[in-house]
Amino acid sequence: MDATVTLTGSVLACFGMLGAAVVAYFGKRGENVLSGYSSLTERLQSERDRLELRVAELGDQVSELRTQHVADLSEIARLRQDNDRLGGGS
C-alpha cells in the first residue's frame, strides 16, 4: 500500500507541475498581451497630445489671420474713401 500511495502522490505531483507550467505559460502570454496593449495605449496618448498641441497652434494661426484680415479690410475701405475723395474712379 505504501507503493500505491507513493505512486499516486507522484502522479498527482506531476499533474500539478504540468498544470502550473500551463498556467505560467498562459500567464506569460497574457502578460505580453497586456504589455503590448499598454504600449499601444501610451503611443496613442502621445499622438493625441501631439495633435492637440498642433490644433492649438493652428487655432492661434487662424486667430492671427482673422485679425490681419480685418485690418486689411479696414485698410481697403480707407483707401477706397481716399480714392473717392481724390476724385479717382472705382
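About the thresholds
Along each chain, residues carry numbers from 1 onward, in the same order as the chain's sequence is written. Reporting of local features is limited, given that this is a predicted model, to residues whose pLDDT is at least 70; pairs of side-chain atoms are given and counted only at 80 or more, and all residues count toward the totals for whole chains, interfaces and linings. Processing note: side-chain calculations cover all non-hydrogen atoms of the structure and skip hydrogens and water entirely. Working definition: helices are DSSP H or I runs of at least four residues, strands are E runs of at least two. Numbering for both runs from the N terminus. Values of the radius of gyration come from C-alpha atoms, whereas the globule rule sets the reference at 2.2 Å times the count of residues to the power 0.38. Only protein chains enter the area calculation, which uses a 1.4 Å probe; residues under 20% of their type maximum are buried, those over 50% are exposed, and those in between are partly exposed. Only the protein chains shown count as cover for residues, with accessible areas throughout obtained via the Shrake-Rupley method and a probe of 1.4 Å. Residues counted as positive are Lys and Arg, residues counted as negative are Asp and Glu, and His and the chain ends are not counted. Charge coordinates come from a single atom per side chain, which is NZ of Lys, CZ of Arg, CG of Asp or CD of Glu. Counted as salt bridges are all cases of a side-chain nitrogen of Lys or Arg within 4 Å of a carboxyl oxygen of Asp or Glu.

(A) Representation of the overall build of the protein chain in the model. Counting its regular elements, the protein chain contains one helix and zero strands. The C-alpha radius of gyration computed for the protein chain amounts to 38 Å, which surpasses the reference 12 Å derived for 90 residues by more than 25%, pointing to a less compact arrangement than a globule. Along the first, second and third principal axes, the C-alpha atoms of the protein chain reach 125 × 15 × 10 Å. For the protein chain, with 90 residues in total, the buried portion stands at 0%. Accessible area for the protein chain stands at about 8100 Å²; split by element, carbon and sulfur atoms hold 63% of it. Counting 10 positive and 13 negative side-chain charges, the protein chain places the averaged centre of each group 4 Å from the other.

(B) Structural view of the pattern of salt bridges. Counted under the stated rule, the structure contains six salt bridges. Across the pair aspartate 49 and arginine 48 runs a salt bridge, and its minimum N-O distance is 3.1 Å. Exposure remark for aspartate 49: the relative accessible area of 40% places this residue in the partly exposed category. Aspartate 82 is paired through a salt bridge with arginine 78; the nearest N and O atoms lie 2.8 Å apart. Of this pair, aspartate 82 and arginine 78 both sit in helix H1 (residues 2–85), separated by four residues, roughly a single helical turn. Owing to a relative accessible area of 23%, aspartate 82 belongs among the partly exposed residues under this scheme. According to the relative accessible area criterion, arginine 78 is partly exposed, its value standing at 38%. Through salt bridges with shared partners, a single ionic network connects Glu75, Arg78, Asp82 and Arg85.

Limitation: the analysis is restricted to geometry and does not speak to function.
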